[in-house]
Amino acid sequence: MSTGRKIGMVSLGCPKALVDSERILTQLRTDGYEISPDYDGADLVIVNTCGFIDSAKAESLDAIGEALDANGRVIVTGCMGVSEDEIRQLHPRVLSVTGPQQYEAVVGAVHQHAPPLLEHDPHTSLVPPQGIKLTPRHYAYLKISEGCNHKCTFCIIPSMRGLLESRPIGHVMAEAERLVAAGVRELLVISQDTSAYGVDLRYKLDFWDGRPIKTRLKELCAALGSLGAWVRLHYVYPYPHVDEIIPMMAAGKILPYLDVPFQHGSPRVLKQMKRPAAAENTLERIHRWREICPELAIRSTFIVGFPGETDEDFEILLQFLEQARLDRVGCFTYSPVEGAAANALPGAVPDAVKEERWNRFMQTQAAISRNSLQKKVGSVQEVLVDELDGDLAIGRSKADAPEIDGIVRILDRADLAPGDLAKIVIESADDYDLSGRIAD
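I will try to describe carefully the structure that is included in this document. Treat the numbers as computed from the prediction; the structure is a model and nothing was measured. (Residues numbered from 1 in each chain as written. Predicted model: local features only at pLDDT ≥ 70, side-chain atom pairs only at ≥ 80, totals over all residues. Heavy atoms only, no water.)

### Quick word on the overall build of the chain
Step number 1: When its secondary structure is counted, the chain shows 12 helices and 20 strands.
Step number 2: Here the chain has a C-alpha radius of gyration of 23 Å; the compact-globule value for 440 residues is 22 Å, and the two agree.
Step number 3: C-alpha atoms of the chain, sized along the principal axes, occupy 65 × 60 × 50 Å.
Step number 4: A total of 440 residues make up the chain; the buried ones form 53% of that total.
Step number 5: Residue pairs at least 24 apart in sequence account for 73% of intrachain contacts in the chain once pairs closer than 6 positions are excluded.
Step number 6: For the chain, the distance from the average position of its 47 positive side-chain charges to the average position of its 62 negative side-chain charges is 5 Å. (Helix = DSSP H or I, 4+ residues; strand = E, 2+ residues; numbered from the N terminus. Rg over C-alpha atoms; globule rule 2.2 N^0.38 Å. Buried < 20%, exposed > 50% of the residue type's maximum accessible area, 1.4 Å probe, protein only. Contact = heavy atoms within 4.5 Å. Lys, Arg positive; Asp, Glu negative; His and termini not counted. Charge placed at Lys NZ, Arg CZ, Asp CG, Glu CD.)

### Comments concerning the nonpolar core
Step number 1: Leu 224, Leu 233, Leu 258 and Phe 361 are the most contacted members of the largest nonpolar core, which totals 53 residues.
Step number 2: Per-element accounting of this core gives the leading share, 6 residues, to helix α11 (residues 311-324).
Step number 3: In this structure Leu 233 touches Val 189, Cys 221, Ile 245, Met 249, Ile 254, Tyr 257, Leu 258 and Asp 259, once residues within four positions along its chain are discounted. (Core = buried A, V, L, I, M, F, W, Y, C linked by side-chain atoms within 4.5 Å.)

### Things to note about the pattern of salt bridges
Step number 1: Following the criterion strictly, the structure yields 26 salt bridges and no others.
Step number 2: For Arg 216, the salt bridge goes to Glu 219, with nearest N and O atoms at 2.5 Å.
Step number 3: Arg 288 is paired through a salt bridge with Asp 243; the nearest N and O atoms lie 3.7 Å apart. With Arg 288 in helix α10 (residues 279-292) and Asp 243 in the loop between β12 (230-233) and α8 (246-250), this residue pair connects regions lying 45 residues apart in the sequence.
Step number 4: Residue classification places Asp 243 among the partly exposed residues on the basis of a relative accessible area of 21%. (Salt bridge = Lys/Arg side-chain N within 4 Å of Asp/Glu carboxyl O.)

### Here's the deal with the sheet that holds strand β18 (residues 408-410)
Step number 1: Taking strand neighbours around the barrel as the criterion, the 5 strands line up as β16-β17-β18-β20-β19 in a closed arrangement whose pairing is mixed. The sheet shows a mean angle of 50 degrees between the axes of neighbouring strands, taken without regard to direction. (Pairing = 2+ DSSP bridges. Axes fitted to C-alpha atoms, helices over the stretch in contact; angles between N-to-C directions.)

### Notes on the packing of α11 against helix α12 (residues 351-374)
Step number 1: Where α11 contacts α12, the two axes come as close as 10 Å, and the packing angle between them is 15 degrees. With respect to α12, the element α11 is oriented roughly parallel. Note that α11 runs across α12; the crossing there is right-handed. On the side of α11, the interface is formed by Asp 311, Phe 314, Glu 315, Leu 317, Leu 318, Leu 321 and Glu 322, while α12 contributes Arg 357, Arg 360, Phe 361, Thr 364, Gln 365 and Ile 368.
Step number 2: Of the residues belonging to the contact of α11 with α12, the class tally is 6 nonpolar, 2 polar and 5 charged. (Parallel < 35°, antiparallel > 145°, perpendicular 65-115°, else oblique. Left-handed = near helix turned anticlockwise from the far one by under 90°. Nonpolar A, V, L, I, M, F, W, Y, C, P; charged D, E, K, R; others polar.)

### A short note on the pairing of β12
Step number 1: Alternating residues of β12 divide into Trp 230 and Arg 232 and Val 231 and Leu 233, and every residue in both groups is buried.
Step number 2: The pairing of strand β9 (residues 186-190) with β12 spans 4 bridges and is classified as parallel. When the bridges of β12 are listed, Leu 188 appears paired with Arg 232.

### Things to note about the packing of aromatic side chains
Step number 1: Tallied over the full model, the rule gives 7 aromatic pairs.
Step number 2: Geometrically, the ring pair formed by Tyr 139 and Tyr 141 is edge-to-face, given 6.3 Å between the ring centres and 85 degrees between the ring planes. Of the two residues examined, Tyr 139 and Tyr 141, each falls in the buried class.
Step number 3: For the pair Phe 262 and Phe 320, a centre-to-centre distance of 5.8 Å together with 70 degrees between the ring planes defines the contact as edge-to-face. Here Phe 262 is found in the loop between β13 (257-259) and α9 (267-273), whereas its partner Phe 320 is found in helix α11, with 58 residues between them in sequence.
Step number 4: Residue Phe 262 is classed as buried on the basis of its relative accessible area of 7%.
Step number 5: Exposure remark for Phe 320: the relative accessible area of 2% places this residue in the buried category.
Step number 6: Members of the aromatic cluster, connected to one another through ring pairs, are Phe 262, Phe 302, Phe 320 and Phe 361. (Phe/Tyr/Trp six-rings, centres within 6.5 Å; stacked < 30°, edge-to-face > 60°.)

### Topic: a negative patch on the surface
Step number 1: Residues Glu 59, Asp 62, Glu 66 and Asp 69 make up a contiguous surface patch of negative charge.
Step number 2: As for its placement among the helices and strands, Glu 59 is situated in helix α2 (residues 54-70). (Patch = residues over 30% accessible without salt bridge, like charges linked within 9 Å, V, L, I, M, F, W, Y side chains within 5 Å. Areas by Shrake-Rupley, 256 points an atom, 1.4 Å probe, with all protein chains shown as cover.)

### With respect to the environment of Lys 271
Step number 1: Within the secondary structure, Lys 271 is located in helix α9.
Step number 2: Judged by its relative accessible area of 67%, Lys 271 falls in the exposed class.
Step number 3: Along the backbone, Lys 271 and Thr 153 are 118 residues apart, and their C-alpha atoms lie at a distance of 9.7 Å.

Set out below in structure tokens:
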């Protein structure tokens, strides 16, 4: 039975925020609310914000303004919600402001400002067992923990999302099973620090499928790998125990893919960043990983223009890129986000220098990527189809995560549909993407 109330959602930022939005919508749907796809049909709009860097804050403030102009009734939540004064100074008409992970407060604000019109029976709600998902039906993000114990000087996530709080492995696996049963072909494991999963619980024993299992990354990967879906690991720090995961990738249990936020290649800059791993050890570890699993694809993100970064530091970073030969890379210029300890460091890098370094970095990585992808021409890649585009099908190989990595253009789409897996013969490559045809 519908209450007649409809809620709109604008979800900004990282996949972790997207999972938060899905959780809020699932609860609202359970409470009898309907989801509106546009501003006009909504009784109010929730804007889930990002506050990680200044450009993300600006995007969030713009989105709040757009929602207010189009609808007039707006609830704000998410990471930028910790800066309520800043939001209300620019947008005083917002109905409510909450920070990240405050699901109950958001749902309570919805009930306050758009109360149900009819008595609702939650037992008759048509909410799917896997909850409301904002991703395509064939892949889903699986959040295994919240928060982070690191104190990286450029980051304010611990102040927004708190310290590490791992979900018991039985809860994670139950959600994963529901997702796979609903047709999900790819599980993208996310957190702030996937490698630290279970540390806060002291790897507490939990139960799944009638047997005891430790809340620890190795056991989680083994369990997820038994479900028959692609399993992709994001936000993995290069700790020694990650070495235990690589043989599972070589054996095909989980995808041969690691998203590792290295951030820099200069030991001096990494020390100033207070990063938990040294560049020299990282290169050795990458080499060992690839010896065990030659097909391993590594993606990473880096920051250029960090306070005190010298020309020599930047050249060391470029050398690191050349030696590491990473498959997928993103790069950001340093943003002095409010509250970050790095803002107090000496040696601020001029914006013009940041941009020049960013351009050189991306040119260097484009050449590395181009060379890597050219080696795949003539190979057969298993591809997960994401969408259809005219006569083409667009998909991703095991080396590509959705939205942030490359794509595979399937030139003869035949009867393929989103969610299908297909063997594709690669015919050509450019700097970031592949093209090919269905294998005979």
